[in-house]
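# Summary of the model geometry
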Amino acid sequence: MQRSYAAGFAALGLAVALGISACGVSQQQEVQLGQQESAQIQQQLPLVQDAVINQYVNALGNQIASHTSRADLQWQFYVVNTDVVNAFALPGGIIYVNRGVLERADRMDELAGVMGHEIEHVVRRHSVKQMEQMQGANVGVALACTLTNICSNQAAATAINVGGTAIFAKFSRTDEVQADEGGFHNVMSAGISPNGMLTFFQKLLAEEQQSNNSNVSSWFADHPGTQDRIADIQRMLAQVSASQLRSLTTDTQAFQQMKRRVMSLPPAPRQTTSGQ
Ligand SMILES: [Zn+2]
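Residue numbering note: each chain is counted from 1, following its sequence as written. Totals for whole chains, interfaces and linings use all residues, but because this is a predicted model, local features are given only for residues with pLDDT of at least 70 and pairs of side-chain atoms are given and counted only at 80 or more. The basis for the side-chain values is all heavy atoms of the structure; hydrogens and waters are excluded.

### With respect to the nonpolar core
- Throughout, nonpolar core names a set of buried Ala, Val, Leu, Ile, Met, Phe, Trp, Tyr and Cys residues whose side chains join them through atoms within 4.5 Å. When accessible area is computed with a 1.4 Å probe and restricted to protein chains, residues below 20% of their type maximum are described as buried, those above 50% as exposed, and intermediate ones as partly exposed. Core analysis: the largest hydrophobic core is formed by 50 residues, its most contacted members being Leu60, Ile64, Trp75, Leu102 and Leu111.
- Put simply, DSSP H or I for four residues or longer makes a helix, DSSP E for two residues or longer makes a strand, and each gets a number counted from the N terminus. The greatest single-element share of this core, amounting to eight residues, is contributed by helix H5 (residues 108-123).
- If you look at the next biggest cluster of nonpolar residues, it comprises eight residues, including Ile41, Val80, Leu90 and Ile94.

### A few points about the environment of Asn186
- In this fold, Asn186 is placed in helix H9 (residues 173-189).
- Along the sequence, Asn186 and Thr68 sit 118 residues apart, while their C-alpha atoms lie 6.5 Å from each other.
- With residues up to four places along the chain from it excluded, the contact list for Asn186 reads Ile64, Thr68, Gly116, Ile119 and Glu120.
- Any pair of N or O atoms that falls within 3.5 Å is considered a polar contact. Within protein, one atom must be able to donate a hydrogen and the other to accept it, and sequence-neighbouring residues count only if both atoms are side-chain atoms. A polar atom in the side chain of Asn186 sits 3.4 Å from the backbone oxygen of Gly116.
- There is a polar contact of 3.0 Å between the side chain of Asn186 and the side chain of Glu120. In what follows, residue pairs with any heavy atoms lying within 4.5 Å of each other are defined as contacts.

### Describing the coordination of the zinc ion
- Every protein donor of the zinc ion is listed here as His117 (NE2), His121 (NE2), Glu176 (OE) and Glu176 (OE), and their distances to the metal cover 2.1 to 2.7 Å.
- Metal-coordinating donors are taken as N, O and S atoms lying within 2.8 Å of the metal, or within 3.2 Å when the metal is Na, K or Ca; because water is left out, some sites can appear incomplete. Between consecutive donors of the zinc ion, the numbers of intervening residues give the motif H-x3-H-x54-E. One end of the pair, His121, is in helix H5; the other, Glu176, is in helix H9, with 55 residues separating them in the sequence.
- A residue is classified by how much of its surface remains accessible, and His121, at 2% relative accessible area, is buried.
- The class of Glu176 is buried, set by a relative accessible area of 1%.

### A closer look at the packing of aromatic side chains
- Any pair of Phe, Tyr and Trp rings, taking the six-membered ring for Trp, is counted once the centres come within 6.5 Å. Such a pair is stacked with planes under 30 degrees apart, edge-to-face with planes over 60 apart, and tilted for the rest. This model, assessed by the stated rule, comprises four aromatic pairs.
- Pairing Trp75 with Phe77 gives two aromatic rings, centres 6.4 Å apart and planes at 10°, and the pair type is stacked.
- With a relative accessible area of 6%, Trp75 lands in the buried category.
- With a centroid separation of 5.1 Å and an interplanar angle of 15°, the aromatic rings of Phe88 and Tyr96 are classed as stacked.
- Note on Phe88: relative accessible area 12%, which makes it buried.
- The structure contains a cluster of three or more aromatic residues connected by ring pairs, namely Tyr78, Phe88 and Tyr96.

### Some words on the packing of helix H3 (residues 51-65) against H5
- Note on method: axes are straight lines fitted to C-alpha atoms, helices fitted across the in-contact stretch only, with angles between N-to-C directions ranging 0 to 180 degrees. Where H3 contacts H5, the two axes come as close as 10 Å, and the packing angle between them is 60°. When the interaxial angle is binned, H3 and H5 end up oblique. As for how H3 packs across H5, the hand of that crossing is right-handed. Taken together, the residues of H5 that come into contact with H3 (itself represented by Tyr56, Val57, Leu60, Gly61, Ile64 and Ala65) are Met108, Leu111, Ala112, Met115, Gly116 and Ile119.
- The residue inventory of the contact of H3 with H5, partitioned by class, reads ten nonpolar, two polar and no charged. Should an angle fall under 35 degrees it is taken as roughly parallel, and over 145 as roughly antiparallel, whereas 65 to 115 is taken as roughly perpendicular and any remaining angle as oblique. Throughout, a crossing is termed right-handed when the near helix is turned clockwise from the far one, and left-handed when it is turned anticlockwise from it by less than a right angle. When residues are grouped by polarity, Ala, Val, Leu, Ile, Met, Phe, Trp, Tyr, Cys and Pro land in nonpolar, Asp, Glu, Lys and Arg in charged, and all others, Gly among them, in polar.

### Remarks on the pattern of salt bridges
- Salt bridge criterion: a side-chain nitrogen from Lys or Arg within 4 Å of a carboxyl oxygen from Asp or Glu. Applying the stated criterion to the full structure yields 13 salt bridges.
- Shared partners join several salt bridges into a network, and the residues in it are Glu30, Arg70 and Arg125.

### A look at the confidence of the model for the protein
- Model confidence for the protein is summarised by a mean pLDDT of 80, while 72% of its residues fall at 70 or above.
- In predicted models, pLDDT denotes the confidence assigned by the predictor to each residue on a 0 to 100 scale. Long-range and interchain partners of residues 1-13, a stretch whose pLDDT sits below 50, account for 30 contacts in this model, where long-range means more than four residues apart.
- Here residues 146-169 scores under 50 on pLDDT; set against residues more than four positions off or in separate chains, the count is 51 contacts.

### Some words on H5
- An ideal rise of 1.5 Å per residue puts 22 Å on 16 residues; H5 measures up with 22 Å between its terminal C-alpha atoms.
- Positive phi appears at Arg125, one or two residues downstream of H5, with a value of about 55°. One less than the residue count of a helix, multiplied by 1.5 Å, gives the span that helix is expected to have.

### Points about the pairing of strand E2 (residues 87-90)
- By the alternation rule, side chains of E2 split into Ala87 and Ala89 and Phe88 and Leu90, which are all buried.
- Two strands qualify as a pair provided DSSP detects at least 2 bridges between them. Pairing of E2 with strand E3 (residues 94-98) involves four bridges; the strand directions are antiparallel. Looking at the pairing, Ala89 lines up with Ile95 of E3.
- Here E2 folds back onto E3 in antiparallel fashion, the turn holding three residues, of which Gly92 has a positive phi close to 85°.

### What to know about the environment of Val187
- Considering the arrangement of structural elements, one finds Val187 in helix H9.
- Separated by 127 residues in the primary sequence, Val187 and Leu60 have C-alpha atoms spaced 10.0 Å apart.
- If we skip the residues at most four places from it in the chain, Val187 touches Ile64, Ala112, Gly113, Gly116, Ile192, Ser193 and Pro194.

Structure representation (structure tokens):
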């Protein structure tokens, strides 16, 4: 918990140090902010260190990102060593995918769907736009809250709620729908089937409904409107011709090899920063 406070206040100092104001965030500031946030996050969250897994996730992420309008960013991908199903994007192209996502993805296109979605948040500068709508100093705190679980901790949320206003808005439903739509096209541009996006969301929904699994619940807390979004993806899929769908990749040996390594890792450490 104290580490969570530290993250919040360090982020506050960071925003001040970078001179970020409500006036606008340049790409250079965006990248710098992402890098510094990333350094903080890596002190807080355990990462999977396995080289094969990391290389695979970076190769797949870069394959997708290189077909977007922000191919010029230095995209980096990390795997957080937690069973909680989630993923998040930092400004500037640094993306964290939780081990829980890799554990539940049965095919390459399912993992690609999640990554395509997160990549689209960066392409559309969603966190930057959120920052631009806020008052300067609150930006870093809100960003730390948006990007990690720390604000689901009641005490941390209270501590950060300094000005009496809730400043830790998550991405809006509109942002999420845009990230799905963009992510759908991002994976297709990379030659990957967008069907995995649908099957992965359906799988999470089924798991949530059956077992109320807390590892899955955090996904639904961070990604509201999953049922509507599934319908949206189905609508987009219906517009892709059967022959085009058949021409896209759904799975690879490299994915399955990576997946076997994930399943052979020692158990993930228990999370300490999630809500109560
Ligand atoms: Zn999202």
